[in-house]
Amino acid sequence: MKQNRAKIIGLTGNLGSGKSSVTKILEKYNIPVFDCDKISHMEMQSGTECYKEIVDFFGDGILDNDGNIMRKTLGEIVFSDKAKLKKLNEITHYYICKTVVNGVNEIISSGYKYIVIDAPVLIGSELENFVDEIWVVYSDFETMLSRVSQRDNIQIEQIKKRLENQLSTEELKSRADFLIENNGSIEELEEKIKNLINK
């Protein structure tokens, strides 16, 4: 890592592990966060190159009456078909990575200690090689199910299906430089984050 530049952190974890809670704490301590989910939403807006590639592959059936991609419909398709999920990831990751890398490079020498990339699919993507450290946030299985069920109001079986399409917690842990266990309170989580950013 070069001196006088921020350390680039790749933050990842499974659905319901609490990455959003971690990023809120990081932003509270003035650490810039690039949220790949939000960037994905932006890249999939009508008229973008990413949008065109997705519609070309999946067809007009994923569009609403205004021509926007119905993410829930697209999600139902890809989470029941691993080959289609792989294709969607291939399309979106190219544009997400490009946007993130350009954005990070713009502020990397601006005096920040850390820049965080919040990426649900970090492992195996181009961004894995771009970051300096990987932080994995994890929770036990029942906690993840409960969080997602309450947050998104979807059935447990659907959540399980989505988790099956992600790397297991153990696989993520094996690739981590630092682990953030998140089964407790938000206060406990903040204390762990403070210790991590002050290491």
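## Looking at the side chain of Asn14
Point 1. Relative to the helices and strands, Asn14 resides in the loop between strand 1 (7-12) and helix 1 (19-28).
Point 2. Residues contacting Asn14, with those up to four places away along its chain left out, are Val137, Met144, Leu163, Gln166, Leu167, Ser168, Thr169 and Leu172.

## Comments concerning the packing of aromatic side chains
Point 1. Scanning the model with the defined rule gives three aromatic pairs in all.
Point 2. Their ring planes at 75 degrees and their centres at 4.8 Å tell us that Phe57 and Phe58 sit as a pair that is edge-to-face.
Point 3. With a relative accessible area of 42%, Phe57 lands in the partly exposed category.
Point 4. Where Tyr94 meets Tyr95, the ring centres are 4.9 Å apart and the plane angle is 85 degrees; that geometry is what we call edge-to-face.
Point 5. The ring of Tyr138 carries the charged tip of Lys173 above its face, separated from the ring centre by 4.0 Å.

## Examining the nonpolar core
Point 1. Grouped together as the largest cluster of nonpolar side chains are 20 residues, with contacts concentrated most on Cys36, Val100, Val104, Ile117 and Leu127.
Point 2. Every element with two or more residues in this core is listed here: helix 2 (36-43), helix 5 (82-107), strand 3 (114-118) and strand 4 (133-138).
Point 3. Top element by residues in this core is helix 5. It accounts for four residues.
Point 4. What Ile117 contacts, discounting residues up to four positions off in sequence, is Ile8, Ile9, Gly10, Leu11, Phe34, Cys36, Val100, Val104, Leu127, Phe130 and Val131.
Point 5. Judged by nonpolar contacts, the second largest core, of 16 residues, contains Val22, Ile31, Val116 and Trp135.

Rules used in this analysis
Residues numbered from 1 in each chain as written. Predicted model: local features only at pLDDT ≥ 70, side-chain atom pairs only at ≥ 80, totals over all residues. Heavy atoms only, no water. Helix = DSSP H or I, 4+ residues; strand = E, 2+ residues; numbered from the N terminus. Contact = heavy atoms within 4.5 Å. Phe/Tyr/Trp six-rings, centres within 6.5 Å; stacked < 30°, edge-to-face > 60°. Buried < 20%, exposed > 50% of the residue type's maximum accessible area, 1.4 Å probe, protein only. Lys NZ or Arg CZ within 6 Å of the ring centre and 35° of its normal. Core = buried A, V, L, I, M, F, W, Y, C linked by side-chain atoms within 4.5 Å.

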